[in-house]
Each structure stands twice: as C-alpha cells, then as structure tokens.
Amino acid sequence: MESQEQIVECYHCGEICETTVIPFDNKPFCCEGCKTVYEILSSNNLCEYYSIDNNPGIKNDKGFEEQFAYLENNDIQKQLLTFTDGKTSKVIFHLPKIHCSSCIWLLENLGRLNRGVLASEVNFAKKEITVSFKNEIVSLRQLAELLASIGYEPNINMASSGKDKPNAIPKSLYYKIGIAGFCFGNIMLLSFPEYLTDNNNIIGEYAQLFTYLNLVLALPVFFYCSTDYFQSAYKSLKHGVVNIDFPISLGIIILFARSAFEILSQTGAGYMDSLAGLLFFLLIGKWFQTKTYEALSFERDYRSYFPLAVLKKVGKTETPTPVNQIKIGDILKIRNQEIIPTDSILSSTAASIDYSFVTGESTPVYVEKGAFVYAGGKQVGNSIEVIVEKEVSQSYLTQLWNKRDEQDDTSLITTITDNASKYFTFAILGIALITGIYWYLVAPSLVFSTVTAVLIVACPCALALALPFALGNSIRILGKRFFYAKNTNAVENLAAIDTIVFDKTGTLTDSSNVKVNYHGKELSEEELSYIKSIAEHSTHPLSRAIYSSLKAQTYKTDSVEEIPGKGLSGVVNGNTIKIGSIRFVGEDAQAKQRSSEVYIQINGETYGAYQIERPYRTGISNLIGQLKYREMEIHILSGDNESEKELLQQLFSQRENLNFNCSPIDKLNYIKRLQEQGKKVLMVGDGLNDAGALGQSDVGIAVSDDVNSFAPACDVIMDVKKLPELFQFIDFAKNSIKVVKASFVLSIFYNTVGVAFAVQGLLTPVIAAILMPLSSISVVAFVTLATNLISRKNNRQYIIPRQRRLSDKQEKETVTKVTIPA
C-alpha cells in the first residue's frame with residue numbers, strides 16, 4: 001500500500017511540485033530552472049537571498065539561448081545604453097518580476113554573480129535596475145541572460161527605450177476596488193431587512209438565506225481584496241517591524257471571523273456589510289494615496305522650468321537655448337567645464353570628456369570626430385561642437401543631479417516623522433486592547449465593532465504625507481520664482497541655515513555691467529585675436545568679460561587647459577597663450593596685484609593686464625541688511641587680494657568675516673571649519689571655482705548670469721537676478737517647515753478625535769474607513785493652501801530697521817563707490 005502523497009513546495013519559488021520533485025543539496029525543486037538558479041546562488045555564496053524572505057524566487061523554466069541575441073546589434077545597443085566609453089557601459093532594465101526585499105538584495109549583488117558587473121542599483125517603485133558593467137568581461141546580451149537566468153527577465157521594449165516611464169497604478173488595485181464595491185452594494189441590498197426592522201419574522205425563511213449569501217459575497221472581499229494588507233503586515237512582522245497595515249489587517253480578520261461565526265452558528269446576521277464597506281473605502285483611500293505619491297514623485301520632469309540651456313549654433317550665430325527646445329540634428333557648442341545635455345555625435349576634431357558625473361570615474365575620456373558622446377559628460381579643454389542625436393531627457397539629468405548627493409540627508413524633522421509613525425502603531429494597538437477589555441466587561445456585543453473602528457480610524461498616513469507634500473509644493477512655488485531646488489531636503493535644510501557664505505566674483509558683482517581696461521605693452525590685432533580665442537573657452541566671469549570686450553576674430557586653439565582659481569592656457573597658431581593671475585603667468589609672487597586683474601602672457605613674455613571694473617549688484621545692500629536683522633552670520637570668500645577690503649567694508653561692517661586670496665581648496669576647508677563649529681552653512685557661488693565648497697555646505701546655491709551653467713555639486717540653481725530675494729527664499733523655507741509642523745498638529749488632532757469617538761462605540765468600522773482617507777485629503781488640502789498663501793505674502797518687500805536699510809539712492813552711491821577703480 002502506497003504511502004499518502006505529501007505536498008512538496010519548491011525551495012526556490014515556493015510553488016507545489018506537481019509532477020516531479022528534483023532533489024539537490026537536500027532541497028526540493030519543481031523544475032530544472034529553479035534548481036539552476038539555486039546552484040548559481042549557492043556557488044557564489046548568495047544563499048542569504050533565501051533568509052530574507054521564504055521562497056522568494058521566481059519560477060524559471062525557460063531557455064534564453066537565443067532570446068537576447070539581438071542585443072549584440074550595435075544599433076540596438078546604442079538605443080539601450082545610457083552610457084559607454086568602450087570600456088565601461090551603463091544600462092537601465094525594466095524588471096517586472098521584482099517583488100520583495102530579497103529581489104532587491106540579490107539584484108544589488110549582481111557583481112558577485114559576474115565580476116564584470118561594477119555596480120547595480122534597484123529602483124523598486126519603478127521596478128528598474130541600473131547596471132554599470134565592463135564590456136571586456138560581460139556583454140549587454142550576457143547581462144540580460146544573467147538576469148533572466150536568476151528569474152528576472154528584462155522587459156525590453158525598443159519603442160519606449162530611453163523614454164520616461166510613468167508610475168502607473170497597478171490594475172489589480174482597480175480590480176479590487178471594483179469587486180469590493182460590487183460586493184458591498186449587494187451585501188447592503190441583502191441586509192436591508194436587518195436595517196429596517198428588528199423583527200426577523202417579516203423576512204421569515206429568507207433571513208438565513210440572505211446571511212449565507214452575504215457570507216459568500218464576503219469571501220472574495222476577504223481573500224482577494226484584503227491580500228495587500230495581509231501581505232504587508234506579514235512581511236513587516238517577519239522583519240520584526242509592526243507597520244500600519246498590521247492593525248488594519250487585524251481589524252479585518254476580527255470583523256470577518258466574528259461575522260462568519262455568527263452566520264454559521266445562526267446566532268446573528270454578522271457584519272459583512274461593514275467588512276465590505278471597510279475594504280471598499282480603504283482601497284479607495286489607497287488609490288488616492290497612490291495618486292498623491294505619484295504626483296509627488298521627486299524624480300519629476302523638470303521640463304516646465306528647469307533652467308539648463310545650451311549654446312545652439314545656427315550658421316555663425318550662437319544663441320542660448322533651453323534644453324527642452326533642442327531637436328535632433330541641432331548643433332550645440334559646449335565650452336570648457338560645461339555639461340553635455342543629451343546624447344550627441346562629436347563634430348569637432350577631438351574632445352576630452354569627463355564622465356565623473358555619470359560613472360564616478362574622473363579620468364577624462366579622449367574621443368575623436370564622429371564619436372558618440374553621452375548626456376552628463378563634461379567637456380574639459382577646448383570648446384567643442386556636437387550634433388544632437390537624441391532628444392534631451394531632463395529627468396535623466398535630474399536623476400544624475402540627485403545621485404551626486406553623497407551626504408546624509410536625514411534631517412531631524414524627517415527622523416521625528418519616521419519615529420512618530422513607527423510608535424503610532426504600537427500606541428493604537430494598546431488603545432484597541434484596552435477598548436476591547438472595557439467593552440467586553442460592559443457590553444460584549446460591541447467589542448468587535450469598537451475595536452475594529454479604533455484600529456481603522458487611527459492612521460499615520462496623513463502624518464507621512466505632510467512633509468513630502470508641503471515641501472514638494474514649496475519646490476514648485478520656488479521654481480516659478482527662478483529658485484530651482486534639487487529635492488525636498490534642500491528646502492528643509494535651507495530652513496535651518498544660520499550662516500551664509502558668499503563667493504564674491506560673479507556672485508556679488510554684476511558681470512553684465514563691466515568695464516574692461518588694459519594696461520601694459522601694446523597688443524597687435526593678431527595678439528588680441530589670440531587672447532580672445534583662449535578666453536572663448538572659459539565660462540569664468542572675468543574670461544567672459546575679456547572675450548566680450550574684444551572685437552577681434554577668433555582662431556582655432558589647441559591644448560586648452562583651465563586651472564580653477566588660477567587661469568587659462570592654450571596654443572593659438574603655434575603661440576602659447578596664458579591669461580590669469582600674476583602667479584599663473586609666472587611673475588614675481590611678491591608683486592602687488594590689484595583686484596580683478598587678468599594678466600596676459602604670450603610665448604613666455606608678460607605683456608600686461610586687463611583690469612575689470614564690476615559694480616556690485618543692485619539690491620545687495622538691502623539683502624545684507626535683511627540677513628543681519630535675522631542675526632545670520634555672514635562670510636565673504638574671494639579669490640582676489642585684499643585691495644578691495646576697505647571698499648567691501650562699506651557693504652559689510654568691520655565685524656564681518658572678509659577672506660581674500662582663497663583658492664578652491666581654501667573655500668572648501670573654510671566651510672568645513674564652520675560646520676565643525678556647529679554652524680548650518682549656506683554657500684552661494686557661481687559653481688566654477690567653488691564647486692567643492694558648494695558640495696560641502698549644508699545647502700549650496702549656484703547662481704548664474706545666464707542659464708548655460710549647470711553645477712552638479714549644488715543643491716539649488718538660482719537666477720542671479722533673484723539674488724537680492726535670497727532672504728525671502730530662506731524665510732519661505734522656514735515658513736514651509738512651520739506648515740509641516742502645523743499639519744502634524746492637524747493630523748494628531750484628527751486621530752485623537754477619531755479614536756475618542758471610536759473607543760466610546762460611537763463610530764462604526766465603515767465610517768472609520770471613510771474618515772481615514774479623508775484625513776489625508778484634509779492634510780494635503782491644508783499644506784497646499786497654506787504654502788500657496790505664504791508664497792503670496794512672501795512676495796512682498798521685507799521691511800528692515802532704518803539704521804540697517806539703505807535707500808535706493810544710498811545703495812546706488814555705495815555700489816558706485818565699491819566699483820573697482822581703474
């Protein structure tokens with residue numbers, strides 16, 4: 001007699017081994033595919049994958065020998081790869097089968113499966129993986145086959161490659177809402193006799209039939225519509241965490257179990273109408289929150305206002321053009337240290353591209369005419385021209401911008417929010433337990449409904465929504481005022497600032513209204529052309545001023561090199577040209593150099609210097625007064641010498657921290673010293689010689705006279721014309737945090753009132769389910785209206801005490817006095 005057949009689950013995927021069991025390593029597998037995946041993981045010491053979740057794998061019974069052969073085609077690779085330099089490549093794959101924390105762990109350890117994988121990063125919300133890999137070790141085809149072999153077959157759609165994929169709401173959520181709504185309506189209909197009378201004789205023999213039908217209709221509600229809550233609660237418990245879905249799941253189970261018991265034991269009609277209504281409104285609330293988070297996606301599209309622009313060349317004319325207006329086939333001019341905004345073909349003879357913004361590798365890549373150059377690369381040296389090959393993806397540039405943030409952005413208010421949400425659940429479970437005990441002693445029939453109402457009505461969702469929605473709306477408002485924050489952390493950190501450090505050249509000084517004077521040995525037209533040809537390759541304000549002042553023609557240049565804080569050199573028609581500081585051209589370091597002088601050296605001979613007169617920007621005096629009024633500490637960092645010190649003191653009092661002869665490293669170290677003193681530092685610069693300081697500061701603001709400059713090291717990009725409004729921006733950020741705190745109070749008040757009614761038995765589970773999403777709606781409405789209202793008030797001109805405020809006439813006089821003399 002054969003022994004009773006046992007049900008065996010596959011160790012890898014958890015599915016039942018229906019036809020045969022394949023044993024390996026004392027573990028059962030349902031197919032060769034699952035066994036193969038286990039062998040791969042085991043041989044690479046990756047079996048920790050199975051300890052994170054039970055049976056986390058995906059059934060893999062396909063062969064992939066030829067499925068990805070098309071990925072060896074160079075044209076297809078060009079469409080899919082986001083970057084390649086011939087040695088290292090980068091690709092983003094959509095993996096629909098990512099479903100749990102084990103998936104994330106395994107996929108981010110791909111390098112242990114294949115040493116050709118340099119890095120892999122999972123975006124769980126989008127179900128995407130970004131992989132950097134070495135071409136000589138693993139090909140794009142082999143990478144796709146590797147992913148498929150471990151159960152994560154890439155979904156490669158060539159029609160949509162390279163385009164942004166929206167975060168769609170899962171269809172299953174709509175199915176669940178539909179089923180819950182259908183069952184809720186019919187259960188309500190069948191329960192009408194119960195609502196209308198307490199005399200069951202009126203419905204006679206149909207009463208019990210109706211309750212059984214209600215039970216049948218409740219089954220899909222409980223076993224299908226509730227699964228998301230059950231799974232979430234179960235997974236959180238496995239990791240030793242109690243999330244908000246746990247009390248909701250507990251309430252659902254209690255309600256269903258009590259109702260089923262009453263119906264089957266014929267002791268009552270149960271509460272199946274409450275259960276179906278509860279799930280229906282919970283799912284609608286979940287849909288609303290999903291839509292809300294979708295709207296709050298901070299990997300958002302910046303096309304509407306992102307300030308990046310490039311020089312578009314039409315004939316001999318160069319016009320700054322916003323990147324969202326760039327078309328395939330356009331010719332772009334990329335100067336030294338400028339970012340390439342989109343994948344292009346190099347039309348210049350050669351280029352040296354720094355891809356550290358994309359790959360983290362800072363060694364420039366040398367490419368020749370006709371080569372493919374990738375978005376995010378930074379030109380080093382001569383200006384180059386490229387032909388646009390793909391439309392600009394600003395969300396890709398934004399992704400790179402956010403990825404550079406290597407500092408710990410976890411702020412105090414975020415930590416408080418996370419902790420409050422965590423302990424909130426334990427508090428609600430405790431209240432529900434006390435409520436249950438009380439009603440069991442007073443009125444046992446109300447135990448289940450009151451406990452369920454307490455578990456449902458109290459939800460920290462509104463608490464969790466307050467911070468991202470308030471600061472997200474703040475980012476949009478600031479963007480409309482030409483203040484472009486990288487993410488919500490930038491706004492949150494801006495509100496905590498107590499120290500401001502200004503770079504001088506190009507930040508406080510007005511580069512659009514300059515006077516350029518030359519003193520020294522007379523220059524010929526040919527030599528002027530040499531100087532202009534070199535200056536053309538730099539984006540530094542002094543170089544741009546010299547370039548704009550010269551009417552000479554330009555020549556082709558070679559070996560252009562710019563040393564931040566020192567100068568620029570290159571070869572023009574065989575002549576070596578240097579323009580920069582007195583030390584850069586090799587003159588006596590002890591010689592006194594007047595501020596904003598740019599020395600000229602041709603073939604080793606120093607000819608003289610250009611002196612740049614730049615007035616300070618209108619509105620700076622009042623800005624300083626406003627900042628002092630709020631008792632903010634102000635520091636000035638300048639690469640120039642102290643010849644301006646007395647003049648600057650007319651804008652900044654004696655006690656201000658004026659620092660001169662600062663190199664880029666000096667500026668970086670200065671910021672570090674301030675932070676070591678416990679200061680929250682805001683650095684305002686042009687992103688050229690102060691990129692390190694911008695990156696080190698708590699908030700780095702890069703200002704620009706035009707929108708061509710994109711400084712990846714900064715947290716904020718600001719139109720320099722808005723610099724006098726900096727105080728308003730800081731004040732708006734502070735008020736936005738006040739809105740967040742007020743919304744916390746509103747959320748806590750709602751939960752307190754809701755729980756107070758629930759524990760008294762005055763709130764049914766259905767009403768609780770309706771109120772829960774309404775709390776989120778109320779918080780979203782509050783923070784949106786509040787931040788919009790603050791923005792309107794913030795637009796006014798702030799008034800500061802008379803003794804600290806200059807009139808327009810006084811400011812104009814001061815600006816004139818501080819202009820650097822010829």
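Residues numbered from 1 in each chain as written. Predicted model: local features only at pLDDT ≥ 70, side-chain atom pairs only at ≥ 80, totals over all residues. Heavy atoms only, no water.

Overview of the overall build of the protein
For the protein, the helix and strand inventory stands at 26 helices and 28 strands. Counting all 822 residues of the protein, 52% fall into the buried class. If you take every contact in the protein between residues at least 6 apart in sequence, the share linking residues at least 24 apart comes to 69%. Surface accessibility of the protein: about 38,000 Å² in total, with carbon and sulfur atoms responsible for 54%. (Helix = DSSP H or I, 4+ residues; strand = E, 2+ residues; numbered from the N terminus. Buried < 20%, exposed > 50% of the residue type's maximum accessible area, 1.4 Å probe, protein only. Contact = heavy atoms within 4.5 Å. Areas by Shrake-Rupley, 256 points an atom, 1.4 Å probe, with all protein chains shown as cover.)

Observations concerning the confidence of the model for the protein
The share of residues in the protein with pLDDT of 70 or more is 71%, and the mean pLDDT across the chain is 75. Per-element confidence in the protein ranges from a low mean pLDDT of 40 for helix α26 (residues 808-818) to a high of 91 for strand β21 (residues 575-580). Residue range residues 404-409 is modelled with pLDDT below 50. Its contacts to residues more than four positions away, or to other chains, number ten contacts. Contacts from residues 797-822, a stretch scored under 50 in pLDDT, to residues over four places away or in other chains number 55 contacts. (pLDDT = per-residue confidence, 0-100.)

Here's the deal with the nonpolar core
Judged by nonpolar contacts, the single largest core of 53 residues is most densely connected at Phe 502, Leu 682 and Ile 701. In terms of residue count, the dominant contributor to this core is helix α24 (residues 726-759) (ten residues). What Ile 701 contacts, discounting residues up to four positions off in sequence, is Phe 483, Leu 682, Met 683, Val 684, Gly 685, Leu 694, Val 716, Met 718 and Leu 726. Within the second largest apolar cluster, 48 residues are counted, among which are Ala 180, Ala 276, Val 447 and Leu 763. (Core = buried A, V, L, I, M, F, W, Y, C linked by side-chain atoms within 4.5 Å.)

What about the pairing of strand β15 (residues 384-388)?
Alternating positions in β15 separate cleanly, Ile 384, Val 386 and Val 388 being buried on one face and Glu 385 and Ile 387 remaining unburied on the opposite face. Pairing of strand β9 (residues 331-334) with β15, which is carried by four bridges, proceeds in the antiparallel orientation. Within the sheet, the bridge partner assigned to Ile 331 lies in β15 and is Ile 387. Pairing geometry for strand β10 (residues 344-346) and β15, over three bridges, is antiparallel. In the strand pairing of β15, Ser 344 is matched with Val 388. (Pairing = 2+ DSSP bridges.)

Considerations on the sheet that holds strand β19 (residues 557-563)
The strand order across the open sheet built from six strands is β18-β23-β22-β21-β20-β19, with neighbouring strands paired in antiparallel fashion. Bordering the open sheet on either side are β18 (515-520) and β19, each of which pairs with just one other strand. Pairwise comparison of adjacent strand axes, ignoring direction, gives a mean angle of 15° for this sheet. Where β19 and strand β20 (residues 567-572) come together, five bridges link them in antiparallel fashion. What sits directly across from Ile 563, in β20, is Gly 567. Strands β19, β20, β21, β22 (597-602) and β23 (605-613) of the sheet are contacted by helix α18 (residues 525-535), whose axis makes an angle of about 120° with β20. Set on the sheet, helix α19 (residues 541-549) makes contact with β18, β22 and β23; between it and β23 the angle comes to about 95°. (Axes fitted to C-alpha atoms, helices over the stretch in contact; angles between N-to-C directions.)

Points about helix α15 (residues 447-457)
Among the eleven residues of α15, ten are classified as buried, and the element is accordingly described as predominantly covered. Of all the positions in α15, only Val 447, Ser 449, Thr 450, Val 451, Thr 452, Ala 453, Val 454, Leu 455, Ile 456 and Val 457 are classed as buried.

With respect to unusual backbone geometry
One non-glycine residue, Asn 573, adopts positive backbone phi at about 50°. Position of Asn 573 relative to the elements: it lies in the loop between β20 and β21. The backbone of Asn 603 sits at a positive phi, close to 50°, despite the residue not being glycine. For Asn 603, a relative accessible area of 47% corresponds to the partly exposed category.

Notes on the sheet that holds strand β12 (residues 365-368)
As summarised here, the arrangement of the three strands in space is β12-β11-β14, forming an open sheet in which the pairing is antiparallel. Pairing within the sheet leaves two strands with one partner each, and these edge strands are β12 and β14 (378-379). Sheet analysis places strand β11 (residues 350-354) next to β12, joined by four bridges and oriented antiparallel. Residue pairing for β12: Ala 350 is matched across the bridge by Glu 368.

Topic: a nonpolar patch on the surface
A grouping of Leu 433, Ile 437, Tyr 438, Tyr 440, Leu 441 and Val 442 is seen on the molecular surface, where their side chains present a nonpolar patch of about 700 Å² in accessible area. Locating Tyr 440 in the fold gives a position in helix α14 (residues 412-442). Judged by its relative accessible area of 56%, Tyr 440 is exposed. (Patch = residues over 30% accessible without salt bridge, like charges linked within 9 Å, V, L, I, M, F, W, Y side chains within 5 Å. Salt bridge = Lys/Arg side-chain N within 4 Å of Asp/Glu carboxyl O.)

Observations concerning helix α22 (residues 664-676)
Between its first and last C-alpha, α22 extends 19 Å over 13 residues, near the 18 Å set by a 1.5 Å rise per residue. Along α22, the residues that are buried comprise Lys 667, Leu 668, Tyr 670, Ile 671 and Leu 674. Each buried residue of α22 sits inside an arc of 160° when the element is viewed along its axis, so together they form one side. Among the exposed residues of α22, those oriented more than 90 degrees off its buried face are Ile 665 and Glu 676. Where α22 is buried, its residues touch β17 (499-503), β24 (633-637), β25 (657-659), β26 (681-685) and α23 (691-696). Trailing α22 by a residue or two, Gly 678 shows a phi angle of about 85°, which is positive. (Expected span 1.5 Å × (residues − 1). Arc of directions from axis to C-beta.)

Describing the pattern of salt bridges
Applying the stated criterion across every chain yields a total of twelve salt bridges. Between Lys 722 and Glu 725 there is a salt bridge, with the nearest N and O atoms lying 3.4 Å from each other. For Lys 722, a relative accessible area of 21% puts it in the partly exposed group. Each of Glu 72, Arg 141 and Glu 145 takes part in one network of salt bridges that share partners.

Considering the environment of Pro 320
Inspection of the secondary structure puts Pro 320 in strand β8 (residues 317-322). Look at Pro 320 and you get partly exposed, because its relative accessible area is 46%.

As for the packing of aromatic side chains
The tally for this structure, following the rule as stated, stands at eleven aromatic pairs. Ring geometry for Phe 83 against Tyr 374: centres 5.5 Å apart, planes inclined by 65°, an arrangement best described as edge-to-face. Here the residue Phe 83 occupies a position in strand β3 (residues 81-84), and Tyr 374 occupies one in the loop between β13 (372-373) and β14, the gap between them amounting to 291 residues. For the pair Phe 83 and Tyr 374, one class covers both residues: buried. Ring geometry for Phe 223 against Phe 256: centres 6.1 Å apart, planes inclined by 80°, an arrangement best described as edge-to-face. Taken together, the residues Phe 223 in helix α8 (residues 206-225) and Phe 256 in helix α10 (residues 245-265) connect sequence positions 33 residues apart. Overall, the relative accessible area of 11% leaves Phe 256 in the buried class. Note that Lys 521 overlies the ring of Tyr 607, its terminal NZ or CZ placed 4.6 Å from the centroid. The ring of Phe 584 carries the charged tip of Lys 578 above its face, separated from the ring centre by 5.3 Å. (Phe/Tyr/Trp six-rings, centres within 6.5 Å; stacked < 30°, edge-to-face > 60°. Lys NZ or Arg CZ within 6 Å of the ring centre and 35° of its normal.)

Brief notes about the pairing of β26
Among the five residues that make up β26, five are buried, leaving the element largely enclosed by the rest of the structure. Residues Val 681, Met 683 and Gly 685 line one face of β26 and the alternating positions Leu 682 and Val 684 line the opposite face, and both faces are buried. Where β17 lies against β26, four bridges are found, and the strand directions are parallel. Its bridge partner lying in β26, Thr 499 is registered against Val 681. Inspection of the sheet shows β26 paired to strand β27 (residues 699-704) by four bridges, in the parallel sense. Within β27, the residue paired with Leu 682 across the bridge is Val 699.

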